[in-house]
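These are the residues of each chain, in order.
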Amino acid sequence: MDKIHAVYNSRFNYLNEIKISPLSRAYTFSDSVYEVIPFCNSKIIAFKRHIKRLEKSCHALKLTFDIDKTSSEIHKLIEKSNLINGYVYYQVSRGIDLIRSHIYDDSLPVETFGYVVKHTFKSQKIKVMLCEDLRWQRCDIKSTSLLGNILSMNDAKRHDCNEVIMHKNNILTEGGASNVFFANDDTVFTPALSNNILPGITRELLINEIKASGIKVEEGEFSVSDIRAAKSIWLTSSTKGLAEVIDVLDMETELDHNHSLFQRCEKIFVEKFLSGS
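All figures in this text were calculated on a predicted structure; none of them were measured in a lab. (Residues numbered from 1 in each chain as written. Predicted model: local features only at pLDDT ≥ 70, side-chain atom pairs only at ≥ 80, totals over all residues. Heavy atoms only, no water.)

A.B. asks: Looking at this structure, I do not really get the environment of Ile-207. What am I missing?
C.D. replies: Within the secondary structure, Ile-207 sits in helix H5 (residues 201-212). Judged by its relative accessible area of 4%, Ile-207 is buried. C-alpha separation for the pair Ile-207 and Val-116, spaced 91 residues apart in sequence, amounts to 27 Å. The contact partners of Ile-207, leaving out residues within four places of it in the chain, are Phe-181, Thr-190, Val-217 and Glu-219. (Helix = DSSP H or I, 4+ residues; strand = E, 2+ residues; numbered from the N terminus. Buried < 20%, exposed > 50% of the residue type's maximum accessible area, 1.4 Å probe, protein only. Contact = heavy atoms within 4.5 Å.)

Structure representation (structure tokens):
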């Protein structure tokens, strides 16, 4: 396996050579936030949006955040990797405790960590499972505290599913690591942003581009029954792009696997962000 370029507290090294304290608050409390920044054909996708979201997540946790340093480290990781397609994972944590404590010392130096890996951006067709949303009430923060997502997604894996679509009391929220879209004959729908939904960058990019192309988009409150009646369903994320749902576990659906509106949306997104031009 090729060595993975990484950075820890501004020191660049290979991932397997980086050592992190077990008293890092990222390790003991998930007291940290992160971003996944994709690049395709040597172009970073929506870099400023990703940095802005990381800044907002840090602000929500009252973490100090050096935009210029982080931006420089992300660019340097990509440069060192010599990769054409991939993504950077970058994490900011509150720091390292002297001993584990719920109450943190305000003077702790912030701890940062990142790495870059190869990734192939390709069309995906996935099977999903519906599940109750088990997560906390601030899913709009891109926190590393993802236990609810992990439990649900691995339960889905045991049922031969690739992802989940979560709901709170039958009201749709999002996927385990993605945002949810669905469509009828002429309109695209997606749950409106709230504390229960991460403001996905790919979600935002797609909405902007398809609206500009004249496609009607409705953001609102939708239920599980809307998934049952949908003609097309797809999930979006920085690494998935647009992943078409071809089956929902234990649900009879009316999905059209050649749905023209989905195909149009996918074409718009790929040509704008994933093509070589």
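A.B. asks: I keep staring at the packing of helix H2 (residues 47-60) against H5 and nothing clicks. Help me out?
C.D. replies: Two packed helices can be described by the angle between their axes and the distance between those axes. It is the contact of H2 with H5, at a shortest axis distance of 10 Å, that shows an interaxial angle of 135 degrees. Here H5 runs oblique to H2, going by the angle between their axes. Here the hand of the crossing between H2 and H5 comes out right-handed. Contacts between H2 and H5 involve Arg-49, His-50 and Arg-53 on the former and, on the latter, Ile-201, Glu-204, Leu-205 and Asn-208. Each residue belonging to the contact of H2 with H5 can be placed in one class, and the counts come to 2 nonpolar, 2 polar and 3 charged. (Axes fitted to C-alpha atoms, helices over the stretch in contact; angles between N-to-C directions. Parallel < 35°, antiparallel > 145°, perpendicular 65-115°, else oblique. Left-handed = near helix turned anticlockwise from the far one by under 90°. Nonpolar A, V, L, I, M, F, W, Y, C, P; charged D, E, K, R; others polar.)

A.B. asks: What's the story with the sheet that holds strand E11 (residues 187-191) in this structure? I'm lost.
C.D. replies: Backbone-to-backbone hydrogen bonds join strands into a sheet, with any given pair of strands oriented parallel or antiparallel. If you trace the 8 strands from one edge of the open sheet to the other, you get E9-E8-E7-E14-E13-E10-E11-E12, paired in mixed fashion. The sheet is open, and its two borders are formed by strand E9 (171-175) and strand E12 (216-220), each paired with just one other strand. Strand-to-strand twist in this sheet, taken as the mean axis angle between neighbours without regard to direction, amounts to 35 degrees. Docked against the sheet, H5 engages strand E10 (179-183), E11, E12, strand E13 (232-237) and strand E14 (241-248), running at close to 140 degrees with respect to E12. The strands that helix H7 (residues 260-274) touches are E10, E11, E13 and E14; relative to E14, the one it contacts most, it runs at about 155 degrees. (Pairing = 2+ DSSP bridges.)

A.B. asks: Before we go on, may I ask you to explain the pattern of salt bridges in this structure?
C.D. replies: Side chains that carry opposite charge are capable of pairing whenever their charged atoms lie near each other. Tallied over the entire structure, the rule returns 17 salt bridges. For Lys-125, the salt bridge goes to Glu-244, with nearest N and O atoms at 2.7 Å. Pair noted here: Lys-125 is in strand E7 (residues 124-132) and Glu-244 is in strand E14, with a separation of 119 residues, a long-range link. On the basis of relative accessible area, Lys-125 is assigned to the exposed category, the value being 51%. Given the relative accessible area of 3%, Glu-244 is considered buried. One connected set of salt bridges, linked through shared partners, spans Arg-25, Asp-31, Arg-94 and Asp-97. (Salt bridge = Lys/Arg side-chain N within 4 Å of Asp/Glu carboxyl O.)

A.B. asks: How should H7 be read in this particular structure?
C.D. replies: Its 15 residues give H7 an end-to-end C-alpha distance of 20 Å, which sits within 8% of 21 Å, the value for a rise of 1.5 Å per residue. Leu-261, Phe-262, Cys-265, Glu-266, Ile-268, Phe-269, Phe-273 and Leu-274 are the residues of H7 that are buried. All buried residues of H7 lie within an arc of 165 degrees about the axis, which places them on one face of the element. Opposite the packed face of H7, turned more than 90 degrees from it, sit the exposed residues Ser-260 and Lys-267. Summarising the contacts, the buried residues of H7 are in contact with strand E3 (32-40), E10, E11, H5, E13 and E14. (Expected span 1.5 Å × (residues − 1). Arc of directions from axis to C-beta.)

A.B. asks: Is there a simple way to explain the side chain of Ser-178 in this structure?
C.D. replies: Relative to the assigned elements, Ser-178 resides in the loop between E9 and E10. At a separation of 2.9 Å, a polar atom in the side chain of Ser-178 contacts the side chain of Glu-163. Beyond its immediate chain neighbours, meaning those up to four positions away, Ser-178 contacts Glu-163, Leu-235, Thr-236, Ser-237 and Lys-240. (Polar contact = N/O pair within 3.5 Å; in protein donor to acceptor, adjacent residues only side chain to side chain.)

A.B. asks: What exactly am I supposed to notice about the packing of aromatic side chains here?
C.D. replies: By the definition in use, this model includes 10 aromatic pairs. Both rings, one in Phe-182 and one in Phe-222, keep their centres 5.2 Å apart while their planes meet at 90 degrees; by these two values the pair is edge-to-face. Within this pair, whereas Phe-182 is found in strand E10, its partner Phe-222 is found in the loop between E12 and helix H6 (224-229), the two being separated by 40 residues in sequence. Each member of the pair, Phe-182 together with Phe-222, is buried. (Phe/Tyr/Trp six-rings, centres within 6.5 Å; stacked < 30°, edge-to-face > 60°.)

A.B. asks: Can you walk me through unusual backbone geometry in this structure?
C.D. replies: Across the chain, the bulk of peptide bonds are trans and the bulk of non-glycine residues have phi less than zero. Even without being glycine, Asn-9 reaches a positive phi, approximately 50 degrees. One can find Asn-9 in the loop between strand E1 (5-8) and strand E2 (11-14). Located in the positive-phi region is Asn-170, a residue other than glycine, with phi close to 75 degrees. Note that Asn-170 resides in the loop between strand E8 (163-168) and E9.

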